[in-house]
Amino acid sequence: MNTTPLDERGTALTAWINQTQEVLAHRSLNQQPFHRVFNLMRTRRLATVALNRVLSNTGARTAGIDGMTKKHIATDTEQQALVQEIWHDLTTHQYRPAPVRRVYIPKANGQQRPLGIPTIKDRVVQEMVRLILDPIYESTFYRHSYGFRPYRATHHAVVRLRDLIGRRGYQMALEGDIRACFDRIHHTTLIRILRRTIKDERLITVIHQMLKAGVMDDGQWRVTEDGTPQGGIVSPLLANIYLNELDQWVANRWDTYTPLERYYHRKAGTGYPCQITRYADDFVVLLHGTHAEATTLKTALATFLADHLHLELSAEKTLITPVEQGFDFLGFHIRKYQDSTRITPSRKAIATFKREAADRIGKGFRDSDEAGIVMLNHYLTGWGHYYRRVSSSTTFRSLDHYIWWRVMRTTFRLRRGRGVRHFGTHCRSHRKRYRDGLNRKHAHRRGGHYGVWANTAQTRAYIVTSLAFLPIEYVALHPQLHPYRKADRAKLDQRKRLALLLARNSHPERPANPAYGKAWEQIRQEVLQMSNYTCQHCGTRVHRSTAEIDHRIPLKRFTRRQTAHKLENLQCLCRACHLRKHGKEPR
């Protein structure tokens, strides 16, 4: 039986979707209407591409109300059947989206954020809609909107604000806060906005059905009168289409003026420089004016949101701040000093970091030394890579000091009286041996970094990493190239390395295996890297998600899991070799 997922049939299908999106983008740039765009929804090729992208996402392991996940459509036959079912329902206009499953995740402020989990089938249809709408509306979006758009990141948004403050002299910051934005998007207004560009009512009907599908919360079905469900594939794009009206409203007050129009408006006192930078529902409007002018703009902004978009601007959270005092945006603090404008991690982000790091240290080191170190390093690396794109050197040194003392106090409290020696590289007797450890590239650095040996020979070790070791590399302004134009996409692909580095965490944590401990996933990654992703029996290349990590001496023979997880006792095997070792014949 073939258990491989449907592929995109090589470069032909990839070239087809790229060319199709280029055509859609070209028509949108030339302001041409879209009367028969639903015909794309009735192609099996689009459904195949959408299914592949849905199954490649980690969210495919989460079920909707039907309980189906990617493991239920693992074979080629099952996937082809789903594509055929979607094609039939769309062609015969029988498609009806199922209600989304409501789940709640905790927020930083102690509240809970509701998420809507669609079924696999509905996710595929949503991805089909997104593949069509994205190139169309990417051509119409305001150039300084950065959320949920290809080749854009939060860093581009804050660098844009730094440029406006430092080089163009903007003086006041209006920090916008829309109350429950995604839950209050007005369906009728959103459909009216879509109809300006999409003239095919068949596609409009599908989108309207998605919005009105309802929510299944604790076994009870509830109708959705407003809002787009957070968790849906197409929801971020629809929210961007909706909030683009806000971007254009602010831009039409200054950014779209010609130089001559700006001169006369300034002279007559009817206009003043204002620029909006938005990431999803978070936005900042910078003004080159007085506090009174900023207050007037805030009132006009609240009126526009209420009258045209049916949204409410939070009066108490929408602040007007001089840039010399600084303001927070997307986890960063932006402030103008006498000789420069600096971007640093915000106090709230630092407090969250300390709370999360302390929690991981307490839970991880209670399980084992390896668990504590790898769990902590996983978080430190992700957080550090996100903030090393701004002025974070001082913050990194301060947090390294906090981590050192937190680890020292926690391990001293946990290990006291047990006879377990926990050491650090500040000990002169151990510093030389760490030069051949897992973090040997940092061995020449001075300072106390706690670690534990990874093998019996004490030649490799797990060491608590240091944020100060991460080099600071600043981000340039976004080049404002179009991702669906072939020439522009080639240039953006050259910059793709930066986009990958901006990712907060390239390998999100999977749930811990209770039998192997909390550190197993990170130890597994270390064994894969040591083996160069190659089976150590047959030499076959293995993939990170499908490779098997085997204990040479079985885990059950050890009294301590920590000893069983020594690197010399672990090996990378392919699925077939692993089955043969345990006396089973692979299929």
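Predicted model, so just to flag it, every value in this text is computed and none were measured.

Draft legend 1. View of the overall build of the protein. Of regular secondary structure, the protein possesses 19 helices and 16 strands. Out of the 587 residues in the protein, the part that is buried amounts to 51%. A separation threshold of at least 6 residues defines the contact pool for the protein, and within that pool the share at least 24 residues apart is 70%. When the accessible area of the protein is evaluated, it comes to approximately 29,600 Å², of which 50% is carbon and sulfur surface.

Draft legend 2. Representation of the nonpolar core. Membership of the largest hydrophobic core comes to 142 residues, with the highest contact counts inside it found for Met 41, Leu 286, Phe 327 and Phe 329. If we ignore the near neighbours within four places in the chain, the residues touching Phe 329 are Ala 157, Val 158, Leu 161, Thr 277, Tyr 279, Asp 282, Phe 283, Val 284 and Ile 334.

Draft legend 3. Examining the state of the cysteines more closely. Counted according to the given criterion, the structure contains zero disulfides. Distance from the sulfur of Cys 535, which forms no disulfide, to the nearest cysteine sulfur (Cys 538) is 3.6 Å. A relative accessible area of 3% places Cys 535 in the buried class. Just so you know, Cys 574 is unpaired, no disulfide at all, and the nearest cysteine sulfur is the one on Cys 577, 3.5 Å from it. You can call Cys 574 buried: its relative accessible area is 12%.

Draft legend 4. Just the pairing of strand S7 (residues 282-287), in detail. Judged by how many residues are buried, S7 sits mostly within the fold: five of six residues are covered. By the bridge criterion, six bridges tie strand S3 (residues 172-177) to S7 in an arrangement that is antiparallel. The partner of Leu 174 across the bridge, within S7, is Val 285. Turn length for the strand S6 (residues 274-279)-S7 hairpin, with the two strands adjacent in sequence and antiparallel, is two residues, and the turn residue Ala 280 shows positive phi of about 60°.

Draft legend 5. The arrangement of the packing of helix H6 (residues 187-197) against helix H8 (residues 235-251) in detail. Interaxial distance between H6 and H8 falls to 10 Å at its minimum, and their mutual angle equals 85°. On the basis of their axis angle, the class for H6 and H8 is roughly perpendicular. Contacts between H6 and H8 involve Thr 189, Leu 190, Ile 193, Leu 194 and Arg 196 on the former and, on the latter, Leu 238, Ile 241, Tyr 242 and Glu 245. When grouped by side-chain class, the residues that make up the contact of H6 with H8 number six nonpolar, one polar and two charged.

Draft legend 6. Here's a closer look at the environment of Lys 354. Checked against the element boundaries, Lys 354 lands in helix H11 (residues 347-367). Spatially, the C-alpha atom of Lys 354 lies 8.0 Å from that of Leu 399, the residues being 45 residues apart in sequence. Excluding residues that lie within four positions of it along the chain, Lys 354 makes contacts with Leu 399 and Tyr 402.

Draft legend 7. The side chain of His 155, seen in detail. Relative to the helices and strands, His 155 resides in helix H5 (residues 154-166). Looking at His 155, its side chain comes within polar contact range of the main-chain oxygen of Tyr 386, at 2.7 Å.

Draft legend 8. Broad picture of the sheet that holds strand S9 (residues 327-329). Pairing within the open sheet is antiparallel, and its three strands lie in the order S9-S10-S11. On the outer flanks of this sheet lie S9 and strand S11 (341-345), each paired with one strand and no other. Strand after strand, the sheet turns through a mean of 30° between neighbouring axes, direction not considered. Summarising the sheet, strand S10 (residues 332-336) and S11 pair through five bridges and their orientation is antiparallel. Counted as the bridge partner of Lys 336 is Thr 341 from S11. Sheet strands in contact with H5 are S9, S10 and S11, and its direction is about 10° off that of S10.

Draft legend 9. Structural view of the packing of aromatic side chains. A complete count under the given rule lists 13 aromatic pairs for this structure. For the pair Trp 249 and Phe 304, a centre-to-centre distance of 5.0 Å together with 20° between the ring planes defines the contact as stacked. Of this pair, Trp 249 sits in helix H8 while Phe 304 sits in helix H10 (residues 291-308), and the two are 55 residues apart along the sequence. The exposure class of Trp 249 is buried, given its relative accessible area of 18%. Measuring from ring centre to ring centre gives 4.5 Å for Phe 353 and Trp 383, while their planes differ by 45°; the resulting arrangement is tilted. In this pair, Phe 353 is assigned in helix H11 and Trp 383 in helix H12 (residues 369-387), connecting sequence segments 30 residues apart.

Each value, and the rule that gives it
Residues numbered from 1 in each chain as written. Predicted model: local features only at pLDDT ≥ 70, side-chain atom pairs only at ≥ 80, totals over all residues. Heavy atoms only, no water. Helix = DSSP H or I, 4+ residues; strand = E, 2+ residues; numbered from the N terminus. Buried < 20%, exposed > 50% of the residue type's maximum accessible area, 1.4 Å probe, protein only. Contact = heavy atoms within 4.5 Å. Areas by Shrake-Rupley, 256 points an atom, 1.4 Å probe, with all protein chains shown as cover. Core = buried A, V, L, I, M, F, W, Y, C linked by side-chain atoms within 4.5 Å. Disulfide = S-S within 2.5 Å. Pairing = 2+ DSSP bridges. Axes fitted to C-alpha atoms, helices over the stretch in contact; angles between N-to-C directions. Parallel < 35°, antiparallel > 145°, perpendicular 65-115°, else oblique. Nonpolar A, V, L, I, M, F, W, Y, C, P; charged D, E, K, R; others polar. Polar contact = N/O pair within 3.5 Å; in protein donor to acceptor, adjacent residues only side chain to side chain. Phe/Tyr/Trp six-rings, centres within 6.5 Å; stacked < 30°, edge-to-face > 60°.

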